[in-house]
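# A look at the structure
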Amino acid sequence: FGSRKALLRPALPWFSKLSARPVHVLMDPFLNANLKCFLREQRSSRSTSECSYRSESERRSAQRSYERDRLQEHRRRRGQMVFLDRMEADSTAKRAFSQVSSIRQDPIQRTALNRAIERMRPPTEGKGPRIVLHDPTILYEGHGKKQSWAPLECY
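Residues numbered from 1 in each chain as written. Predicted model: local features only at pLDDT ≥ 70, side-chain atom pairs only at ≥ 80, totals over all residues. Heavy atoms only, no water.

### Examining the overall build of the protein chain
Along the protein chain, the regular secondary structure elements total six helices and zero strands. When the helices and strands of the protein chain are read in sequence order from the N terminus, they spell out α-α-α-α-α-α. When burial is assessed residue by residue, the protein chain has 17% of its 155 residues classed as buried. Across the protein chain, contacts joining residues at least 24 apart in sequence account for 80% of those joining residues at least 6 apart. Total accessible area computed for the protein chain in this model is approximately 13,200 Å², and 56% of it derives from carbon and sulfur atoms. (Helix = DSSP H or I, 4+ residues; strand = E, 2+ residues; numbered from the N terminus. Buried < 20%, exposed > 50% of the residue type's maximum accessible area, 1.4 Å probe, protein only. Contact = heavy atoms within 4.5 Å. Areas by Shrake-Rupley, 256 points an atom, 1.4 Å probe, with all protein chains shown as cover.)

Spelled out as structure tokens, the structure:
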């Protein structure tokens, strides 16, 4: 008999031992689905509103290129998987995409998911010292932002 941990561990099917690394280590389906939705949303907003400054459009394209690179890396990793692992990853990605799409319908959740993607980006290079101005009337972070309230029936 084996150790107690070995007895409690679920038995893996024979085909899961074919790939060198498990699927969940290679790809995060929720992150990948969020990136896809974010880029799709950016593409549609870019077509409706045009940038007046060239530097602003260059900054946005550089940000989009980072997200595109991440998605391309996920596609490349998927291409290196064994067939059955690819099938499992595809079904997981499809479920994650539908979940992210339903979550992104709520504006508050959409901004939270967008913030998570923006935090993933590498920091921009500073061009010199930053001068930060603080409003003396704001008591805490987010005090000056517009609040999104639910309908009155919910309270």
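### A few points about the nonpolar core
Counting residues in hydrophobic clusters, the biggest one holds six residues: Leu31, Leu35, Phe38, Leu39, Leu71 and Ile117. In terms of residue count, helix α3 (residues 29–48) provides more of this core than any other element does, four residues in total. With residues up to four places along the chain from it excluded, the contact list for Phe38 reads Glu67, Arg104, Asn114, Ile117 and Arg121. (Core = buried A, V, L, I, M, F, W, Y, C linked by side-chain atoms within 4.5 Å.)

### Focus: the pattern of salt bridges
Under the criterion given, the structure shown has five salt bridges. Here Asp90 ties to Arg78 by a salt bridge, and the two come within 2.7 Å at their closest N and O atoms. On the criterion of sequence distance, the pair formed by Asp90 in helix α5 (residues 83–103) and Arg78 in helix α4 (residues 54–79) is long-range, its members being 12 residues apart. Judged by its relative accessible area of 33%, Asp90 falls in the partly exposed class. Of the residues examined, Arg78 reaches a relative accessible area of 30% and is grouped as partly exposed. Within the structure, one salt-bridge network assembled from shared partners comprises Glu41, Arg104 and Arg110. (Salt bridge = Lys/Arg side-chain N within 4 Å of Asp/Glu carboxyl O.)

### Notes on helix α6 (residues 107–120)
One turn of the α-helix equals 3.6 residues, which is why residues spaced by three or four share an orientation. Its 14 residues give α6 an end-to-end C-alpha distance of 20 Å, which sits within 8% of 20 Å, the value for a rise of 1.5 Å per residue. Every buried residue of α6 is accounted for by Leu113, Asn114 and Ile117. Viewed end-on, α6 has its buried residues packed into an arc of 100°, placing them on one side of the element. (Expected span 1.5 Å × (residues − 1). Arc of directions from axis to C-beta.)

### Quick notes on a positive patch on the surface
A contiguous patch of positive charge on the surface is contributed by Lys36, Arg40, Arg43, Arg68 and Arg75. When residues of the positive patch are traced back to their parent elements, those giving at least two are α3 and α4. No other element matches the three residues that α3 contributes to the positive patch. Position of Arg43 among the secondary structure elements: in helix α3. (Patch = residues over 30% accessible without salt bridge, like charges linked within 9 Å, V, L, I, M, F, W, Y side chains within 5 Å. Lys, Arg positive; Asp, Glu negative; His and termini not counted. Charge placed at Lys NZ, Arg CZ, Asp CG, Glu CD.)

### Focus on α5
Relative to the 30 Å expected for 21 residues at 1.5 Å per residue, α5 spans 30 Å between its end C-alpha atoms, a close match to the ideal helical length. Taken together, the buried positions of α5 are occupied by Asp85, Ala89, Ala96 and Val100. Looking straight down α5, one finds that the buried residues subtend no more than 40° of arc, so they occupy a single side. Opposite the buried face of α5, by more than 90 degrees, sit the exposed residues Lys94 and Arg95.

### What to know about a nonpolar patch on the surface
On the surface, Phe83, Leu84 and Met87 cluster together to form a nonpolar patch covering roughly 280 Å² of accessible area. Within the element layout of this structure, Leu84 appears in helix α5.

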